[in-house]
Amino acid sequence: KPFLARMEQAAEEDEEAITQRRPALKKLAMLNEVCDTLARRDMVRPLLDLDVLAICKRWIQPLPNGNLGNVTVRTRLLHAISLMTGENGITAHDLKRSEFGKVVMTLYMHKDETPAMKRQLKGLIDQWSRPIFQKSGNMRDLERVQQVRGSTGISQISRQQQMEQAKVSVNPVKSAHRGG
């Protein structure tokens, strides 16, 4: 709990520093400790239950003036959060409750976001949306689905449609056609 309170305080102090046009260095100073703590498997579910994502949201969200915060803080924190997977990992409920997913999408759509960060954000969006749409990230599962579909796979269906259209379009030459 004191850890989360310190994270919250760092966010507040940095927000205050920005309004006073001073460098915001508190989150940056605490970043290693935060990433190390989020990486601990035994801490994932307890931290999520204490709403760590709501605090992390404050760490990465765009500034009040619309500009993006420190790219190092965003990159490292999002990477640490992306590893919070598995049985006790981030759930759709955690994302909804904290509105962390909204901030990730906002950053992904931000015009000034770096291409490397956009790729990282897109990876998180894909990772979190898979369970919602019952999709697997495992390519072996995709192969199984294609085997089950067999000849009725999407590519096969489009081939069959093309063949049928080809048969229909093979009409005799129209009498008005002059061959030129």
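Here the structure is a predicted model, which means the values were calculated and not measured.

Visitor: I keep staring at the overall build of the protein chain and nothing clicks. Help me out?
Guide: If you tally the helices and strands in the protein chain, you get ten helices and zero strands. Across the protein chain, helices and strands are ordered from the amino to the carboxyl terminus as α-α-α-α-α-α-α-α-α-α. Here the protein chain holds 180 residues, and the buried ones make up 29% of them. Looking at the protein chain alone, contacts between residues at least 24 apart form 70% of all its contacts between residues at least 6 apart. Total accessible area on the protein chain stands at roughly 12,300 Å², and carbon and sulfur atoms take up 54% of it.

Visitor: Quick question: what am I supposed to make of helix α7 (residues 100-109) here?
Guide: An α-helical turn contains 3.6 residues, so a residue and the one three or four places further along point in the same direction. When we look at burial in α7, the residues that qualify are Phe100, Val103, Val104 and Leu107. All buried residues of α7 lie within an arc of 100° about the axis, which places them on one face of the element. α7 presents Lys102 and Met109 as exposed residues on the side facing more than 90 degrees away from its buried surface.

Visitor: Mind showing me how you'd approach the side chain of Asp94 here?
Guide: Examined against the element boundaries, Asp94 turns out to sit in helix α6 (residues 92-98). Reaching out from Asp94, the side chain makes a polar contact with the side chain of Arg97 at a distance of 3.5 Å.

Visitor: Even after reading the chapter, I still don't get helix α1 (residues 2-19), so can you show me in this structure?
Guide: Along its 18 residues, α1 runs 26 Å from first to last C-alpha, staying within 8% of the 26 Å computed at 1.5 Å per residue. Every buried residue of α1 is listed here: Phe3, Leu4, Met7, Ala10, Ala11, Asp14 and Ala17. For α1, the angular spread of the buried residues around the axis is 150°, confining them to a single face. Facing away from the buried side of α1 by over 90 degrees, the exposed positions are Pro2 and Thr19. Downstream of α1 by one or two residues, Arg21 has phi in the positive range, about 60°.

Visitor: What should I look at first to understand the side chain of Arg58 in this one?
Guide: The topology assignment puts Arg58 in helix α4 (residues 52-60). Aside from chain neighbours lying at most four places away, what touches Arg58 is Glu8, Ala11, Glu12, Glu15 and Lys27.

Visitor: Just checking my understanding: could you explain the pattern of salt bridges for this structure?
Guide: Pairing is possible between side chains of opposite charge, provided their charged atoms come close. The tally for this structure, following the rule as stated, stands at 15 salt bridges. The salt bridge involving Glu8 is made with Arg58; its shortest N-O contact spans 2.3 Å. Of this pair, Glu8 sits in helix α1 while Arg58 is found in helix α4, placing the two residues 50 residues apart along the sequence. Residue classification places Arg58 among the buried residues on the basis of a relative accessible area of 18%.

Visitor: Before we go on, may I ask you to explain the packing of α1 against helix α2 (residues 26-39) in this structure?
Guide: The description of two packed helices rests on the angle between their axes and on the distance between the axes. Contact geometry for α1 and α2: axes closest at 10 Å, N-to-C directions at 155°. Classified by the angle between their axes, α1 and α2 sit roughly antiparallel to one another. Here α1 runs over α2; the crossing is left-handed. Between α1 and α2, the residues in contact are Phe3, Arg6, Met7, Ala10, Ala11, Glu13 and Asp14 and Lys26, Lys27, Met30, Glu33, Val34 and Thr37, respectively. For the contact of α1 with α2, the class distribution of residues is six nonpolar, one polar and six charged.

Visitor: Which parts of the structure should I look at to understand unusual backbone geometry?
Guide: Trans is the common state for peptide bonds, and a negative phi is the common state for residues other than glycine. Residue Arg21 is not a glycine yet carries a positive backbone phi of 60°. Take Arg21: it is sitting in the loop between α1 and α2. Although it is not a glycine, Glu99 adopts a positive phi angle of roughly 60°. Structurally, the position occupied by Glu99 is in the loop between α6 and α7. What makes Glu99 partly exposed here is its relative accessible area of 36%.

Quick notes on the rules
- Residues numbered from 1 in each chain as written.
- Predicted model: local features only at pLDDT ≥ 70, side-chain atom pairs only at ≥ 80, totals over all residues.
- Heavy atoms only, no water.
- Helix = DSSP H or I, 4+ residues; strand = E, 2+ residues; numbered from the N terminus.
- Buried < 20%, exposed > 50% of the residue type's maximum accessible area, 1.4 Å probe, protein only.
- Contact = heavy atoms within 4.5 Å.
- Areas by Shrake-Rupley, 256 points an atom, 1.4 Å probe, with all protein chains shown as cover.
- Arc of directions from axis to C-beta.
- Polar contact = N/O pair within 3.5 Å; in protein donor to acceptor, adjacent residues only side chain to side chain.
- Expected span 1.5 Å × (residues − 1).
- Salt bridge = Lys/Arg side-chain N within 4 Å of Asp/Glu carboxyl O.
- Axes fitted to C-alpha atoms, helices over the stretch in contact; angles between N-to-C directions.
- Parallel < 35°, antiparallel > 145°, perpendicular 65-115°, else oblique.
- Left-handed = near helix turned anticlockwise from the far one by under 90°.
- Nonpolar A, V, L, I, M, F, W, Y, C, P; charged D, E, K, R; others polar.

Note that every value here comes from positions in space, so none of it alone points to a role or purpose.
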